[in-house]
Structure formats: C-alpha cells, structure tokens
Amino acid sequence: MKGLKIVFWIIWRIWFYILMAIPILIMLPFLLISIISERGYPYFFKMARIWAKFILFGMGFYYKIKREQKLIKNKSYMIVANHTSMTDIMLMLAIIKNPFVFVGKKELVKIPLFGFFYKRTCILVDRNSSKSKNEVFKRAQDRLNQGLSICIFPEGGVPDDESILLDEFKDGAFRLAIDHQIPIVPIVFADNKKRFSYTFLSGSPGKMRGKILPFVETQGLTTDHRKDLRDEIRQIIYSGLLEYQKKDLKSN
C-alpha cells in the first residue's frame, strides 16, 4: 500500500509541472505580446488567472473562499497571506480579480518556461542582498504608481520547518502600504500545506479553504508605525489559522 502511495505521489508531482507548462504553451504567442511593455500587464494577468485555475482543477483541487470584504475594481491594495506551498501562487491568482504583481524569490526563475515569464512579470528579491531589497522597493513603488496592486508573502518564504504555523513577518510590505496609503488585504490559506507542501512525498487532491479578512487601512500612518502594523497583520492571519485548526479538531 505504501509503495502505491509513493508511485502516486511521484506521478502526481510530475503532473503538476506538466500542467504548469500546458496553458503556457497554448497561450504562448499572446503571453509574449502581453509582456512586450508594462502596459500589457493587465492582459497578461488575465491569462495568468486562466493558467492558475487550469492547474488547480487539473491537480484535483477545488477552493472555497470566504470573503469578509471585497476588493474595489481599479483600486490598489497590498495583498498579504501566509505562505506554505507553491500552490499559494495559483490560489492567489484564482481568487483575486484586481491585477496585482507578485514580489517573490528569484529561485523560481529556474523552473523551465514558467521561470521565463516569472522573471519578466514579477518583482524578484534576493533575500541575501540588501541592494536587491532596495531595488524591489523601487519597482514595487513604480507598479503601485501605475494603479496595480502588490502581493507579498511577508514571511519571506516557506518555513523550512513545516510544523511552524506562521513564521515571523518582514517589514517591506507594510512600509510600502504606508508610503502609498493603501489598504492591506490579509488572507488566510488554511489547507495549501496539506494539499501540496514542499515535502515531495506528500499531499493529495481535495479542498483548499481560504478567507479574505477585513482590510486594514493605512491612512494617516507613517513609517514609524510599520512594525506595529506588521505585528497587527501577523496576529490577524495567525488568529485566522488557529480558527481553522479549531474547526478541524472539532470535525475529527
């Protein structure tokens, strides 16, 4: 039985990367046109959402999202969520309609085909370089000035220890939100680690629950408030994760 599970996991993981490539190849001419200039990004974003939903459906995932507040069309936001899985990217694209730009780690550039577009459309950060962090901040400001939103996973990456429910947050997202006086959208992903973690022989098709929590306004705040704001948002997301854990314990 264990041998069959291992075979399933290996085939299923390979299938994930095949699914990543299929819609990119189908839409390739349109994707290439959309990245010629930054003005084409909203069109690229629409195709990215199709790509994300295709992968989630093809992997046997279905999502159930509770929205305590809705985003307003053509308004910029700072979108933040806990980070536990590569599927966080797909689920975020699937549930948010407002065009946004990811700030993400440069290591994902190595993924064939996906990495080509990732490098040209996302804001890449080298966590070991202070120069890179300053460049990220400038590029994010440019994107916000264009009327787009920004999505950052403020843990700075997926914790190596999967027993950690929520790692400490970095300041960057909150500094940007304060500088541009834009609302912060806290989001909780409850099941992505269980569905598709970075542990190779793990995961399964099934439900992905999430919750878009009430927005936190930054009007009137200054950079002196960024750490307090960071801690407040972390506590909001942490409480949301604990709430899901309690529900799971009651249902078992």
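All of the points below concern the structure found in this document. Remember, predicted model here, so these are calculated numbers, not experimental data.

1. Here's the deal with a nonpolar patch on the surface
A contiguous nonpolar patch, built from Ile10, Ile14, Trp15, Ile18, Phe200 and Leu201 and spanning about 520 Å² of accessible area, is present on the exposed surface. Residue position: Ile14 is located in helix H1 (residues 2-26). The class of Ile14 is partly exposed, set by a relative accessible area of 47%.

2. Here's the deal with the layout of surface pockets
For the largest pocket, the calculated volume is near 700 Å³. Taken together, 28 residues form the lining of the largest pocket, with Val103, Val125, Val136, Ile152 and Lys170 sitting closest to its centre. Looking at the lining of the largest pocket, the elements that each hand over two or more residues are strand S3 (100-105), helix H6 (130-145) and helix H7 (172-180). Its residues assigned to classes, the lining of the largest pocket comprises 15 nonpolar, 6 polar and 7 charged. Broken down by secondary-structure element, the contributors of at least two residues to the lining of the second largest pocket are helix H3 (41-58) and helix H4 (87-95). With 4 residues, the single largest contributor to the lining of the second largest pocket is H3. Looking at the lining of the second largest pocket, its residues break down into 10 nonpolar, 5 polar and 7 charged.

3. Some remarks on the pairing of strand S2 (residues 78-81)
Of the two faces of S2, both are covered, the one formed by Met78 and Val80 as well as the one formed by Ile79 and Ala81. Taken together, the 4 bridges between S2 and strand S6 (residues 184-189) define a ladder with parallel strand orientation. When the sheet's bridge partners are listed, Ala81 is paired in S6 with Ile187.

4. A look at the environment of Ser149
Tracing the backbone shows Ser149 in strand S5 (residues 149-152). Accessibility expressed as a relative area gives 0% for Ser149, which makes it buried. Those residues in contact with Ser149 that sit more than four places away from it in its chain are Lys75, Ser76, Tyr77, Ile79, Pro99, Phe100, Val101 and Leu144. Engagement of the side chain of Ser149 in a polar contact is seen with the backbone nitrogen of Tyr77, the distance being 2.8 Å.

5. Let's talk about the pairing of strand S7 (residues 206-212)
Of all 7 residues making up S7, 6 are buried, and the element is well covered by its neighbours. Pairing of strand S1 (residues 61-67) with S7, which is carried by 7 bridges, proceeds in the parallel orientation. Within the sheet, the bridge partner assigned to Phe61 lies in S7 and is Gly206. Pairing analysis gives 3 bridges linking S6 to S7, with the strands arranged antiparallel.

6. Side note on the nonpolar core
By size, the foremost hydrophobic cluster in this structure holds 79 residues, and its most contacted members are Trp51, Met78, Met92 and Ile187. If you tally residues by element for this core, the top one is H3, at 9 residues. Not counting the four nearest positions on each side in its chain, Ile187 is found in contact with Ile79, Val80, Ala81, Asn82, Met92, Ile95, Ile96, Lys211, Ile212 and Ile237.

7. As for unusual backbone geometry
Its identity as a non-glycine residue notwithstanding, Asn74 has a phi of 65°, on the positive side. When its relative accessible area of 72% is taken as the criterion, Asn74 is described as exposed. Notably, Gln181 is not glycine yet its phi reads approximately 55°, a positive angle. Along the chain, Gln181 turns up in the loop between H7 and S6. On the accessibility criterion, Gln181 (24% relative accessible area) is partly exposed.

8. Focus on the packing of aromatic side chains
The full count for this structure, using the stated rule, is 17 aromatic pairs. Ring geometry for Phe116 against Phe117: centres 5.0 Å apart, planes inclined by 85°, an arrangement best described as edge-to-face. Given a relative accessible area of 35%, Phe116 falls into the partly exposed group. Centre to centre, the rings of Phe169 and Phe174 are 6.2 Å apart; their planes meet at 10°, and the pair counts as stacked. The exposure class assigned to Phe174 is buried, which follows from its relative accessible area of 0%. What links up through ring pairs into an aromatic cluster is the set Tyr41, Phe44, Phe45, Phe100, Phe102, Phe116, Phe117 and Phe153. Residue placement shows Arg175 over the ring face of Phe137; its charged tip is 3.9 Å from the ring centre.

What counts and what doesn't
- Residues numbered from 1 in each chain as written.
- Predicted model: local features only at pLDDT ≥ 70, side-chain atom pairs only at ≥ 80, totals over all residues.
- Heavy atoms only, no water.
- Patch = residues over 30% accessible without salt bridge, like charges linked within 9 Å, V, L, I, M, F, W, Y side chains within 5 Å.
- Areas by Shrake-Rupley, 256 points an atom, 1.4 Å probe, with all protein chains shown as cover.
- Salt bridge = Lys/Arg side-chain N within 4 Å of Asp/Glu carboxyl O.
- Helix = DSSP H or I, 4+ residues; strand = E, 2+ residues; numbered from the N terminus.
- Buried < 20%, exposed > 50% of the residue type's maximum accessible area, 1.4 Å probe, protein only.
- 1 Å grid on protein atoms, 1.4 Å probe; cavity = no way out; pocket = protein on both sides within 12 Å on 5 of 7 lines; lining within 4 Å.
- Points joined across faces, edges and corners; volume = space filled by probe spheres on them.
- Nonpolar A, V, L, I, M, F, W, Y, C, P; charged D, E, K, R; others polar.
- Pairing = 2+ DSSP bridges.
- Contact = heavy atoms within 4.5 Å.
- Polar contact = N/O pair within 3.5 Å; in protein donor to acceptor, adjacent residues only side chain to side chain.
- Core = buried A, V, L, I, M, F, W, Y, C linked by side-chain atoms within 4.5 Å.
- Phe/Tyr/Trp six-rings, centres within 6.5 Å; stacked < 30°, edge-to-face > 60°.
- Lys NZ or Arg CZ within 6 Å of the ring centre and 35° of its normal.

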